Amino acid sequence: MVGGAQERQEAAIPEATVGTAATSAGDDLPPRRPPRRAAAPGREDDAFVTTLRAFLSSHTGGRGGRPLKVPIFCHAPLDLKRVYDEVSVRGGFDGVTASKRWLEVCRTLGHVDLSGNTSAGFQIRQCYERCLLDFELHKAGKSPRPALAETDDGARGVAGNPMPAAQPRYPMSKKEEEATAKALGLEEIGDDERQFIFPGANEYDYLHVRCSILARWRFEPSLHLSLETACDWYNPKFTPLVKCAYRFLTSRGYVNFG
């Protein structure tokens, strides 16, 4: 009996030892990561956005009859109520545009980082036109903007008055471009402008390119002019001159302002 009990006790020792070793090994393992939390549900619309969304979806005039998509501005959803209020106290869309205060509206958003964003004013104006301008006109009892329609040949124009397919997009002549520059005191290359031009550049060609870029943007000032677009307008051999002219015009506020 004694021998049998001793054998059972010895047989139990390895079993206990194995269990202890397994526990120690488990203690050395890195702790398990906690499960990820489920993504928080999207914030519901506030009262203003709800009203705006209903207006745009049911509005039959202007550019209505479309769902509202809240724009992303500087990597964050745009606070449409705040933008609408800030534009309203500055005289509405026409008042802000006339006084060139769109960048000022951007700065009132507070949380928005505008560093490195050279076209913030233009972008916020685009967002306002797309999401809020028809609503502003409706609240003021004014007629909505005319709706855009597609003509049979694909050209876009005002409904009932389509844009002729043969109408030139940019009709200004070289003399008219020069007149535009002269009206702004840019008929010649000044000392300030000369620092933007690389040594050995053909100043006659540069002046022609610069006047042309200036006149082209002022022909459609509501559109933001990118360097890539400006370069596409001209023969590739003029690209270095286009870059010089673009830097001068944008840095000195002759284009892409507002």
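Residues numbered from 1 in each chain as written. Predicted model: local features only at pLDDT ≥ 70, side-chain atom pairs only at ≥ 80, totals over all residues. Heavy atoms only, no water.

Novice: Is there a simple way to explain the packing of helix α3 (residues 80-88) against helix α6 (residues 120-131) in this structure?
Specialist: The angle between the axes and the distance between the axes are what describe a pair of packed helices. Here α3 crosses α6 at 100°, and the two axes come no closer than 11 Å. Between α3 and α6, the angle is such that the two are roughly perpendicular. Listed contacts from α6 to L80, V83, Y84 and V87 of α3 are I124, Y128 and C131. Class assignment for the residues of the contact of α3 with α6 results in seven nonpolar, no polar and no charged. (Axes fitted to C-alpha atoms, helices over the stretch in contact; angles between N-to-C directions. Helix = DSSP H or I, 4+ residues; strand = E, 2+ residues; numbered from the N terminus. Parallel < 35°, antiparallel > 145°, perpendicular 65-115°, else oblique. Contact = heavy atoms within 4.5 Å. Nonpolar A, V, L, I, M, F, W, Y, C, P; charged D, E, K, R; others polar.)

Novice: Please explain the environment of R53 as it appears in this structure.
Specialist: Turning to its location among the elements, R53 is positioned in helix α2 (residues 47-58). Classification of R53 as partly exposed rests on a relative accessible area of 29%. Note: C-alpha distance between R53 and P67 (14 residues apart in sequence) is 6.7 Å. (Buried < 20%, exposed > 50% of the residue type's maximum accessible area, 1.4 Å probe, protein only.)

Novice: Honestly, unusual backbone geometry in this entry has me stumped. Any pointers?
Specialist: Backbone geometry follows two general trends: most residues other than glycine have a negative phi, and most peptide bonds adopt the trans configuration. A positive phi is found at K100, a non-glycine position, where the angle reads about 55°. For K100, the location among the structural elements is in the loop between α4 (92-99) and α5 (102-107). Taking relative accessible area as the criterion, K100 reaches 51% and is therefore assigned exposed.

Novice: What is the right way to look at α2 in this model?
Specialist: One turn of the α-helix equals 3.6 residues, which is why residues spaced by three or four share an orientation. Given a rise of 1.5 Å per residue, 12 residues ought to cover 16 Å, and the 17 Å separating the end C-alpha atoms of α2 matches this to within 8%. Within α2 the residues assigned to the buried category are F48, V49, L52, F55 and L56. Buried residues of α2 fall within an arc of 125° about the axis and therefore sit on the same side. Relative to its buried face, α2 has exposed residues pointing more than 90 degrees away, namely A47 and S58. Tucked inside the fold, the buried residues of α2 contact α3, α6 and α7 (133-139). Residue D46 occupies the N-cap position of α2, its side-chain oxygen lying 3.2 Å from the main-chain nitrogen of F48. (Expected span 1.5 Å × (residues − 1). Arc of directions from axis to C-beta. Polar contact = N/O pair within 3.5 Å; in protein donor to acceptor, adjacent residues only side chain to side chain.)

Purely geometric numbers; function is a separate question.
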